[in-house]
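Structural overview
Below, each chain spelled out in residue letters.
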Amino acid sequence: MHTSLKSKIILFFILFSSLILLLQIGIFQHWMGAIILKKSDTYFQETVNQVGKRVELQTKQFINLAVGMRNNQVVKNYLSDLKNHTINYNIAKYKISNEILRTTNMEWIDNIYIFPVSSQPINLYYSTAVFEADDTIKKLLNEGFKNNSDEMVWTDLQSEPYSFSALCLIQEKDRLGILKISLNELLFSQILDQVHLGKEGKAYLAKDNMIIYAKNREFIGKPVSVLDNMLSSQVEYELEEKGWKIIGAVPQAEILHQIDQFNRIFIFMVICILAAIMAFAIATAQVVLRPLGKIMRGMESVQQGNLHVVLDHKSNDEFRTIFFHFNYMVERINHLIETIYQQQTHHRKAELLSLLSKLNPHFLYNSLDMIYWKAIMKEEEEIGGSIVALSNILRYSISHKNEFVTVTEDMEQLANYLMIQRMRYEDKLQYKFEIQHEIADYKIPKLVIQPLVENAIKYAFQDMKHDGIIHIRGYMDADGLYFEVTDNGIGMSEEKIQMLLSTCESVSEEAGLGIQLVHQRAKYMYGEEYGVSIVSVVGKGTTIKVRLGIKKEMNLATVM
């Protein structure tokens with residue numbers, strides 16, 4: 001299925017945009033959500049801290065007021081006289097009331113009572129009179145406060161109407177009575193009811209993990225654990241009064257709503273930016289694809305055989321260079337076609353001349369065949385065999401039908417050559433072939449191994465007193481085909497090896513024979529990394545290895 005470049009560009013940007021959106025949803029939103037939550041917690045914590053300090057200041061004012069009443073010496077004197085029965089109850093009540101009410105701000109107070117040790121309660125300031133001490137007061141009058149006689153005991157918490165009482169022990173040398181002050185909601189409502197933690201967040205006052213004030217009266221008297229059921233984010237501020245703290249609770253839905261608002265705005269901005277990028281990409285694609293379309297139409301014309309195409313591009317950009325090279329390429333193709341046509345014409349003429357030149361080789365084949373039969377008739381079978389081998393070598397060498405032959409064919413020719421050489425040296429020359437069966441049908445250049453064998457016979461066995469042995473190996477690995485010619489001759493020094501390899505790299509006419517010829521042919525046909533390598537030890541022998549490319553089918557045209 002053909003897909004245009006324009007479609008690919010648009011598809012790429014769609015995928016890219018989708019990836020950006022997924023990253024934004026999956027990673028950036030999580031990251032920004034964490035930042036917003038952190039900043040919200042910081043803001044709520046600062047707000048609750050400020051509220052806590054105000055509540056703490058107001059609570060201290062009340063405590064100081066209660067302590068002032070408890071420590072009033074005039075009050076203590078009259079209570080002492082009342083305990084000792086040296087003053088009338090009504091006179092003592094009158095004197096104490098004047099002393100207390102004269103110096104006290106009653107804004108936060110609903111009731112003030114004093115419960116003397118051995119007398120009935122004194123109602124100083126009240127909405128409901130008390131005529132008898134309850135069990136809690138009686139117990140405290142008899143036993144006192146457990147931990148510290150100067151501490152304040154908080155009791156009688158109720159939500160509707162709100163009421164919260166503080167008890168103080170009045171004593172000098174011994175217990176004189178208990179001061180009870182009942183507070184109204186103004187002590188806390190003036191501050192806590194005005195707190196704004198977001199839109200729906202609330203502040204709660206707790207003592208010993210029990211809520212003692214909340215704008216929603218339903219929470220008063222309940223443990224602070226009920227706030228955990230509200231799915232809210234909570235921050236706390238510990239007051240100096242032991243066990244007291246302010247708790248700020250903001251519904252998580254409100255915070256998540258802020259995150260959702262931000263995400264919607266951000267996604268809208270991303271979509272707008274991606275739409276702008278997409279529009280820019282489409283416009284850019286049009287600018288790029290227009291000249292590409294011209295090039296494609298020009299190439300189609302060339303494919304159809306029109307080699308007179310000339311492309312024109314007026315803009316001075318990279319496409320102008322591409323158009324220039326395209327026009328130059330078409331022109332060069334025209335020129336090469338003309339050149340090849342002329343070369344083929346000359347080649348056909350050369351083939352005619354070659355046919356004439358082969359008359360003489362046929363005469364030689366016939367003459368050798370005649371000599372062979374005369375040797376057979378005289379029972380000279382060894383001479384006959386050498387004549388057959390020589391005839392095969394001659395036919396193989398001067399045949400121009402195939403410049404590349406199979407490994408099997410070349411090894412057969414090499415065996416004919418070695419058989420003649422063995423007869424020449426009166427059986428003092430021994431040889432052995434070790435060719436991998438797998439490479440038998442692979443194509444190699446004709447006569448590429450024989451020059452290496454000739455070199456071994458010519459130079460390796462000079463001044464040798466024992467028989468010469470030549471071992472021909474052929475094998476294949478991932479790097480190519482390898483052929484090794486190993487002899488047990490006189491060997492050569494490292495300096496001579498380097499000189500010979502240096503000569504192999506030469507391109508002069510002197511480098512056209514023997515090892516040099518094999519090396520140059522391998523490099524020419526397969527590449528610079530192919531060719532001849534030599535390993536030799538003086539007095540022990542030499543191994544010459546040639547590396548060729550791996551090809552099962554090859555003809556001369558493929559490398560020319």
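Just so we're clear, the structure is a prediction, and the values are computed from it rather than from any experiment.

**Let's talk about the environment of Pro451**
- Along the chain, the position of Pro451 falls in helix α11 (residues 450-460).
- On the basis of relative accessibility, which here comes to 11%, the residue Pro451 falls in the buried class.
- When the C-alpha atoms of Pro451 and Leu414 are compared, they prove to be 9.9 Å apart, with 37 residues separating the residues in sequence.
- Discounting residues that sit within four places of it in the chain, Pro451 has contacts with Gly514 and Val518.

**Points about the sheet that holds strand β4 (residues 163-171)**
- Pairing is antiparallel in the open sheet, where five strands are placed in the order β2-β1-β5-β4-β3. Edge strands, defined here as strands with exactly one partner in the open sheet, are β2 (122-125) and β3 (152-158). Taken over all neighbouring pairs, the strand axes of this sheet differ in orientation by 20° on average, direction set aside.
- As paired strands, β3 and β4 are joined by five bridges and run antiparallel to one another. Counted as the bridge partner of Thr155 is Ser165 from β4.
- The sheet strands contacting helix α2 (residues 73-83) are β1 (109-116), β2, β4 and β5 (175-183), and the helix crosses β5 at an angle near 125°.
- Packing against the sheet, helix α4 (residues 135-143) makes contact with β1, β4 and β5, and its axis sits at approximately 145° to β5.

**Regarding the pattern of salt bridges**
- Summed over all chains, the structure comprises nine salt bridges.
- Measuring nitrogen to oxygen at the nearest pair gives 2.9 Å for the salt bridge that ties Glu484 to Arg473. Residue Glu484 is located in strand β14 (residues 480-487), and its partner Arg473 is located in strand β13 (residues 468-477); the two are separated by 11 residues in the primary sequence.
- Looking at Glu484, the relative accessible area reads 10%, which means it is buried.
- Classification of Arg473 as partly exposed rests on a relative accessible area of 27%.

**Things to note about α4**
- Among the residues of α4, Ile137, Leu140 and Leu141 are the ones counted as buried. Down the axis of α4, the buried side of the element spans an arc of 100°, and every buried residue falls inside it. Along α4, the residues that are exposed and aim more than 90 degrees away from the buried face are Asp135, Asn142 and Glu143.
- Buried residues belonging to α4 abut β1, β4 and β5.
- Measuring from the backbone nitrogen of Thr136 back to the side-chain oxygen at the start of α4 gives 3.3 Å, which picks out Asp134 as the cap.
- Positive phi shows up at Gly144, right after α4, with a value of about 75°.

**A word on helix α13 (residues 514-526)**
- The end-to-end C-alpha distance of α13, which contains 13 residues, comes to 18 Å, matching closely the 18 Å that a straight helix rising 1.5 Å per residue would cover.
- Listed in full, the buried residues belonging to α13 are Ile515, Gln516, Val518, His519, Arg521, Ala522, Lys523, Met525 and Tyr526.

**Looking at the pairing of strand β16 (residues 541-548)**
- In terms of residue burial, β16 counts as a mostly covered element, since six of its eight residues are buried.
- Both strand β15 (residues 531-537) and β16 contribute to a ladder of seven bridges, which runs antiparallel. Residue pairing across strands places Val537 opposite Gly541, the latter belonging to β16.
- The turn joining β15 and β16, which pair antiparallel and follow one another in sequence, is formed by three residues; a positive phi near 90° is taken by Gly539.

**Some remarks on the nonpolar core**
- Grouped together as the largest cluster of nonpolar side chains are 61 residues, with contacts concentrated most on Phe62, Phe188 and Leu205.
- If sequence neighbours within four positions are ignored, Leu205 has contacts with Val55, Phe188, Leu192, Met210, Ile211, Ile212, Tyr213, Leu239, Trp244, Lys245 and Ile246.
- Among the nonpolar cores identified, the runner-up in size contains 37 residues, and Leu414, Ile470, Phe483 and Ile497 belong to it.

**Examining the packing of helix α12 (residues 494-504) against α13**
- For the pair α12 and α13, interaxial distance at closest approach is 8 Å and the crossing angle is 55°. Considering their axes alone, α12 and α13 lie oblique with respect to each other. Remark: the crossing between α12 and α13 carries right-handed chirality. Residues Leu500, Thr503 and Cys504 of α12 pack against Ile515, Gln516, His519 and Gln520 of α13.

**Structural notes on the sheet that holds strand β6 (residues 202-207)**
- Read from one edge of the open sheet, four strands run β7-β6-β9-β8, paired in antiparallel fashion. Unpaired on one side and paired on the other, β7 (210-214) and β8 (232-238) mark the two borders of the sheet. On average, adjacent strands in this sheet sit at an angle of 30° to one another, irrespective of strand direction.
- With four bridges joining them, β6 and β7 adopt antiparallel strand pairing. Bridged to Leu205 within β7 is Tyr213.

**Details of a nonpolar patch on the surface**
- Residues Ile265, Phe268 and Met269 make up a contiguous nonpolar surface patch of about 340 Å² in total accessible area.
- Considering the arrangement of structural elements, one finds Phe268 in helix α6 (residues 252-303).
- Its relative accessible area of 57% is what places Phe268 among the exposed residues.

**Overview of the pairing of β2**
- Summarising the sheet, β1 and β2 pair through three bridges and their orientation is antiparallel. When the bridges of β2 are listed, Ile112 appears paired with Tyr125.

**Overview of the confidence of the model for the protein chain**
- Residues of the protein chain with pLDDT of at least 70 account for 81%, and the chain-wide mean is 78.
- The least confident element of the protein chain, judged by mean pLDDT, is helix α14 (residues 556-559) at 41; the most confident is β14 at 94.
- Below a pLDDT of 50 lies the segment residues 508-512, which in the model reaches six contacts outside its immediate sequence neighbourhood of four places, other chains included.
- Counting interchain partners and residues more than four positions distant, the pLDDT-below-50 stretch residues 554-560 has 11 contacts.

**Some words on the packing of aromatic side chains**
- Applying the stated criterion across every chain, the model contains 11 aromatic pairs.
- On the numbers, 6.2 Å between centres and 45° between planes, the contact of Tyr113 with Phe115 is tilted.
- Classification of Phe115 as buried rests on a relative accessible area of 4%.
- When the ring centre of Tyr530 is taken as reference, the NZ or CZ atom of Arg547 above it lies at 4.4 Å.

**Brief notes about a positive patch on the surface**
- On the surface, a cluster of positive charge is made up of Arg290, Lys294, Arg297 and Lys314.
- Relative to the assigned elements, Lys314 resides in the loop between α6 and α7 (318-357).

Conventions and cut-offs
- Residues numbered from 1 in each chain as written.
- Predicted model: local features only at pLDDT ≥ 70, side-chain atom pairs only at ≥ 80, totals over all residues.
- Heavy atoms only, no water.
- Helix = DSSP H or I, 4+ residues; strand = E, 2+ residues; numbered from the N terminus.
- Buried < 20%, exposed > 50% of the residue type's maximum accessible area, 1.4 Å probe, protein only.
- Contact = heavy atoms within 4.5 Å.
- Pairing = 2+ DSSP bridges.
- Axes fitted to C-alpha atoms, helices over the stretch in contact; angles between N-to-C directions.
- Salt bridge = Lys/Arg side-chain N within 4 Å of Asp/Glu carboxyl O.
- Arc of directions from axis to C-beta.
- Polar contact = N/O pair within 3.5 Å; in protein donor to acceptor, adjacent residues only side chain to side chain.
- Expected span 1.5 Å × (residues − 1).
- Core = buried A, V, L, I, M, F, W, Y, C linked by side-chain atoms within 4.5 Å.
- Parallel < 35°, antiparallel > 145°, perpendicular 65-115°, else oblique.
- Left-handed = near helix turned anticlockwise from the far one by under 90°.
- Patch = residues over 30% accessible without salt bridge, like charges linked within 9 Å, V, L, I, M, F, W, Y side chains within 5 Å.
- Areas by Shrake-Rupley, 256 points an atom, 1.4 Å probe, with all protein chains shown as cover.
- pLDDT = per-residue confidence, 0-100.
- Phe/Tyr/Trp six-rings, centres within 6.5 Å; stacked < 30°, edge-to-face > 60°.
- Lys NZ or Arg CZ within 6 Å of the ring centre and 35° of its normal.
- Lys, Arg positive; Asp, Glu negative; His and termini not counted.
- Charge placed at Lys NZ, Arg CZ, Asp CG, Glu CD.

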